[in-house]
Amino acid sequence: MNRSNKGFGLAGVFATVVILIVAAIFSASANSSNETPQVTQSQ
């Protein structure tokens with residue numbers, strides 16, 4: 001594994017952004033599926 005600043009910098013930032021986006025989407029879908037029955041019952 002080459003840990004040079006140029007190579008790992010761009011790949012690391014790109015990988016981190018992708019992981020954060022996937023985690024945010026998964027978290028949002030989990031929250032919406034958990035909150036939907038509660039909202040339906042309260043109304």
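Quick note: structure is the one above.
Residues numbered from 1 in each chain as written. Predicted model: local features only at pLDDT ≥ 70, side-chain atom pairs only at ≥ 80, totals over all residues. Heavy atoms only, no water.

A. Structural context of the overall build of the protein chain. Helix and strand counts for the protein chain stand at one helix and zero strands. Expressed as a percentage of its 43 residues, the buried residues of the protein chain come to 2%. Accessible surface computed for the protein chain: about 4,000 Å², of which carbon and sulfur atoms make up 67%. (Helix = DSSP H or I, 4+ residues; strand = E, 2+ residues; numbered from the N terminus. Buried < 20%, exposed > 50% of the residue type's maximum accessible area, 1.4 Å probe, protein only. Areas by Shrake-Rupley, 256 points an atom, 1.4 Å probe, with all protein chains shown as cover.)

B. Up close: a nonpolar patch on the surface. A contiguous nonpolar patch, built from Val13, Val17, Ile21 and Ile25 and spanning about 360 Å² of accessible area, is present on the exposed surface. Along the polypeptide, Ile21 turns up in helix H1 (residues 5–42). (Patch = residues over 30% accessible without salt bridge, like charges linked within 9 Å, V, L, I, M, F, W, Y side chains within 5 Å. Salt bridge = Lys/Arg side-chain N within 4 Å of Asp/Glu carboxyl O.)

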